[in-house]
Amino acid sequence: MKSSFLLPRVITINIINAEMLSINEVHACFHLWEDSNKDYMLTDVLEIHFLDMVKFRRLREKDIEHNKLHRWLTFFDKNASDKTIQKIIEMDTSIEKAHKKIMTVSQDSEMLRLYEMREMAMLDFNSSVNAATRKGLAMGEKKGLQKAQVNFVLKLSGKNKSAEEIAELTDLSVEEVNKILGNN
């Protein structure tokens, strides 16, 4: 079923700097399908695109001459050289317009301040997550548990192994296994 809803078309484009999806493609696009009948689309008014910069940077050959997506991803790539960016701007009018808009927005001190605040918030968040991870690993090490051991316990639990079975396979006590699993 194509869109019989009276909804405006919504397309989201997510440029991510992390491998969130376990597929090999740089570009992934999702729609709303019925779970048991993949031929039945609920609506075509929603598209969710993911552009993975990590996977793009890993591509051995980038074709900015003939591939519009490669041009755009190179334009957004923080590692692209100024010379390459200038070449892309000159070859693609839509990228040239986007670049002009970015330059205009960056001249606006309030917009620049908001952008910098967002960047700082992202850095603070990442720093907090990294600190919490280090703290958790340190606590595990302090308790004599290795990260691999904890991961192994969690993996076995995911395979529906009981705490007793996991204890037997890992040489941990049932109490230690339950502690790792968060069981009382």
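Reading the values: the criteria
Residues numbered from 1 in each chain as written. Predicted model: local features only at pLDDT ≥ 70, side-chain atom pairs only at ≥ 80, totals over all residues. Heavy atoms only, no water. Core = buried A, V, L, I, M, F, W, Y, C linked by side-chain atoms within 4.5 Å. Buried < 20%, exposed > 50% of the residue type's maximum accessible area, 1.4 Å probe, protein only. Helix = DSSP H or I, 4+ residues; strand = E, 2+ residues; numbered from the N terminus. Contact = heavy atoms within 4.5 Å. Pairing = 2+ DSSP bridges. Axes fitted to C-alpha atoms, helices over the stretch in contact; angles between N-to-C directions. Patch = residues over 30% accessible without salt bridge, like charges linked within 9 Å, V, L, I, M, F, W, Y side chains within 5 Å. Areas by Shrake-Rupley, 256 points an atom, 1.4 Å probe, with all protein chains shown as cover. Salt bridge = Lys/Arg side-chain N within 4 Å of Asp/Glu carboxyl O. Nonpolar A, V, L, I, M, F, W, Y, C, P; charged D, E, K, R; others polar. Polar contact = N/O pair within 3.5 Å; in protein donor to acceptor, adjacent residues only side chain to side chain.

Q: Pulling in residues and values, what's your account of the nonpolar core?
A: Val 153, Leu 156, Ala 163, Ile 166, Ala 167, Leu 172, Val 177 and Ile 180 together form the largest nonpolar core, which totals eight residues. Residue assignment for this core shows that the elements contributing at least two residues are helix H6 (147-158), helix H7 (163-170) and helix H8 (174-181). Here this core takes three residues from H7, the largest share from any one element. Among all residues touching Ala 167, those that are not within four sequence positions of it are Leu 172, Ser 173, Val 174 and Val 177. By size, the runner-up hydrophobic cluster in this structure holds seven residues, among which are Ile 64, Phe 75, Ala 80 and Ile 85.

Q: Go over the sheet that holds strand E3 (residues 41-52) with me, naming the residues and quoting the values.
A: Strand order in the open sheet formed by three strands is E1-E3-E2, with mixed pairing between adjacent strands. Every interior strand has two partners, whereas the edge strands, strand E1 (10-16) and strand E2 (27-33), have only one. Strand-to-strand, the axes of this sheet are offset by a mean angle of 20°, without reference to chain direction. Pairing analysis gives six bridges linking E2 to E3, with the strands arranged antiparallel. In the strand pairing of E3, Cys 29 is matched with His 49.

Q: Quick rundown of a nonpolar patch on the surface? Include the residues and the values.
A: Among the surface-exposed residues, Ile 11, Ile 13, Ile 15 and Phe 76 lie close enough to one another that they form a single nonpolar patch of about 370 Å² accessible area. Tracing the chain through its elements places Ile 13 in strand E1. Among the residues examined, Ile 13 registers a relative accessible area of 55% and is labelled exposed.

Q: An account of the packing of helix H3 (residues 82-91) against helix H4 (residues 93-107) is needed here, citing residue identities and associated values.
A: One way to put it is that H3 packs onto H4 with a least axis distance of 5 Å and a crossing angle of 115°. Contacts between H3 and H4 involve Ile 88, Ile 89 and Met 91 from the former and Thr 93, Ile 95, Glu 96 and His 99 from the latter. Here the contact of H3 with H4 is composed, by residue class, of four nonpolar, two polar and one charged.

Q: I'd like a description of the side chain of Asp 52, backed by residues and values.
A: As for its position among the elements, Asp 52 is in strand E3. Taking the relative accessible area as the measure of exposure, Asp 52 reaches 3% and is therefore buried. Among the polar contacts made by the side chain of Asp 52, one reaches the main-chain amide nitrogen of Val 54 at a distance of 2.9 Å. Non-local contacts of Asp 52, meaning those with residues more than four positions away in its chain, are made with Ile 16, Ala 18, Glu 19, Met 20 and Val 26.

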